[in-house]
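Residue-level structure breakdown
Below are the chains, spelled out letter by letter.
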Amino acid sequence: MPAALLHLPEDTWLPRATEHRTRVEHFAAPFLERRSTGRRHPVEDFLFTYYTEKPGRLRRWNPGTGVVLLGEAAAERAAWKHHRRLGAGVTFDPAAFMAERRRTVQFAHSILAGAAANPGRFSCFGLHEWAMAYKSEDNGVRHDYLPLRLGAAGTDAVVESHRIRCTHIDAFRFYTPQAVPLNEVQPTRETQSALDQPGCLHANMDLYKWAYKLSAAVPGELLLATFELAWDIRTMDMRASPYDLGDWGYTPIRIETAEGKAEYVARQKDFAERSQVLRARLLAVAEDLLGADAHD
């Protein structure tokens, strides 16, 4: 934790909070409108349905640890969980947070540190999505409102003609039963910190999950950076998937071709670079929380 607290007057921090909310609304408002009318979007709904952070909480800007927010607009935060009044302002209370979420922080630190240290792998070509649709004539299709670009037999042929090397448990667990033994790695929750690596799209999308699980200790700007990275990755993930998203305006990355593989790897490496910067910042937040907790 910072040795000295930073006191921010309202005219300094409130514009940052307003900008944060505006950025969130760009993504959240269309999702909420679709949800109210029962419509679905295969790309843009994902961060609000697969992940557990709700739009209302995502709209909340936080300055991170060691900051006291001043002014009338800060007063409501005194009632927020893991916050407390301090003098004329309100601040995040890391001790209260750690008393309740210590194991979460420890686990997040383990996953972040493991992925940061492991070498990136760039030969999966997004085949995890294809493995989830393998033998669809027996299992049905995971996204049943989306057509398969190559049909059921064509999708199966792509899976069967490639090596499948997914290292991420939360992609692997959605494989069809017939695809499970085809994966050269059998990831588990216990091996996640050893297997997560910066070339993995799902591990990099999960930076958003670790950001919101570290709660108000994470500055809003960092939280949204992880969200926007996950948004970009999800877009690429589905473009490289076996589904035809032409009706939604997405052109496919045809990973069954040499050109598609090359495009996939180039984008994957760009995401790896972006993710490592954000991963290091989240890891520093987790280490600060654990360090302060050890001295309490």
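Residues numbered from 1 in each chain as written. Predicted model: local features only at pLDDT ≥ 70, side-chain atom pairs only at ≥ 80, totals over all residues. Heavy atoms only, no water.

**Some remarks on helix 4 (residues 94-117)**
Between its first and last C-alpha, helix 4 extends only 27 Å over 24 residues, short of the 34 Å set by a 1.5 Å rise per residue. Arg101 marks the point of greatest bend in helix 4, at about 85°. The distance from a side-chain oxygen at the start of helix 4 to the backbone nitrogen of Ala95 is 3.2 Å, and the residue carrying that oxygen is Asp93. (Helix = DSSP H or I, 4+ residues; strand = E, 2+ residues; numbered from the N terminus. Expected span 1.5 Å × (residues − 1). Bend = angle between axes of the 7 residues up to and from the residue. Polar contact = N/O pair within 3.5 Å; in protein donor to acceptor, adjacent residues only side chain to side chain.)

**Here's the deal with the pattern of salt bridges**
Under the counting rule described, the total for this entry stands at 21 salt bridges. Across the salt bridge formed by Arg34 and Asp45, the nearest N and O atoms sit 2.6 Å from each other. Placement of Arg34 in helix 1 (residues 10-37) and of Asp45 in the loop between helix 1 and helix 2 (46-49) is noted, with a sequence separation of 11 residues between them. Taken as a pair, Arg34 and Asp45 share a single burial class, namely buried. (Salt bridge = Lys/Arg side-chain N within 4 Å of Asp/Glu carboxyl O. Buried < 20%, exposed > 50% of the residue type's maximum accessible area, 1.4 Å probe, protein only.)

**So, unusual backbone geometry**
Positive phi, normally seen in glycine, also occurs at Phe125, with a value near 55°. Relative to the assigned elements, Phe125 resides in the loop between helix 4 and helix 5 (127-132).

**Quick word on the nonpolar core**
Counting 62 residues, the largest nonpolar core has Leu214, Phe227, Ile255 and Leu289 as the members making the most contacts within it. Excluding residues within four positions of it along the chain, Phe227 makes contact with Phe27, Leu47, Phe48, Leu58 and Tyr208. Membership of the second largest hydrophobic core comes to 8 residues, among which are Ala133, Leu148, Tyr243 and Leu245. (Core = buried A, V, L, I, M, F, W, Y, C linked by side-chain atoms within 4.5 Å. Contact = heavy atoms within 4.5 Å.)

**Focus: the packing of helix 1 against helix 11 (residues 220-239)**
Working note: a packed helix pair is described by the angle between its axes plus the distance between those axes. At a minimum axis distance of 11 Å, the contact between helix 1 and helix 11 shows a crossing angle of 15°. Between helix 1 and helix 11, the crossing angle belongs to the class labelled roughly parallel. As for how helix 1 packs across helix 11, the hand of that crossing is left-handed. Touching Arg16, His20, Arg23, Val24 and Phe27 of helix 1 are Gly220, Glu221, Leu223, Leu224, Phe227, Glu228 and Trp231, all from helix 11. (Axes fitted to C-alpha atoms, helices over the stretch in contact; angles between N-to-C directions. Parallel < 35°, antiparallel > 145°, perpendicular 65-115°, else oblique. Left-handed = near helix turned anticlockwise from the far one by under 90°.)

**Regarding the packing of aromatic side chains**
One pass over the full model with this rule turns up 16 aromatic pairs. An aromatic cluster of at least three residues, connected via ring pairs, comprises Phe27, Phe31, Phe46, Phe48, Tyr50, Tyr51, Tyr208, Tyr212, Phe227 and Trp231. For Lys209, the ring lying beneath its charged end belongs to Trp210, and the centroid distance is 4.6 Å. Here the guanidinium or amino end of Lys269 rests over the ring plane of Phe122, the centre of that ring lying 5.6 Å away. (Phe/Tyr/Trp six-rings, centres within 6.5 Å; stacked < 30°, edge-to-face > 60°. Lys NZ or Arg CZ within 6 Å of the ring centre and 35° of its normal.)

**Details of the side chain of Asp196**
Here Asp196 shows up in the loop between helix 9 (192-195) and helix 10 (201-213). For the buried Asp196, which has no salt bridge, the nearest side chain bearing the opposite charge is Arg279, at an N-O separation of 6.6 Å. Within the structure, the side chain of Asp196 is placed 2.9 Å from the side chain of His168, a separation counted as a polar contact. Ignoring anything within four residues of it in the chain, the contact list for Asp196 reads Ile111, Gly114, Ala115, Asn118, Thr167, His168 and Ala203. (Lys, Arg positive; Asp, Glu negative; His and termini not counted.)

**Digging into the pairing of strand 2 (residues 67-70)**
Summarising the sheet, strand 1 (residues 6-8) and strand 2 pair through 3 bridges and their orientation is parallel. Its bridge partner lying in strand 2, His7 is registered against Val68. Here strand 2 runs beside strand 4 (residues 89-92); their pairing, made up of 3 bridges, is antiparallel. Along strand 4, the bridge assignment pairs Leu69 with Val90. (Pairing = 2+ DSSP bridges.)

By themselves these figures say nothing about function.
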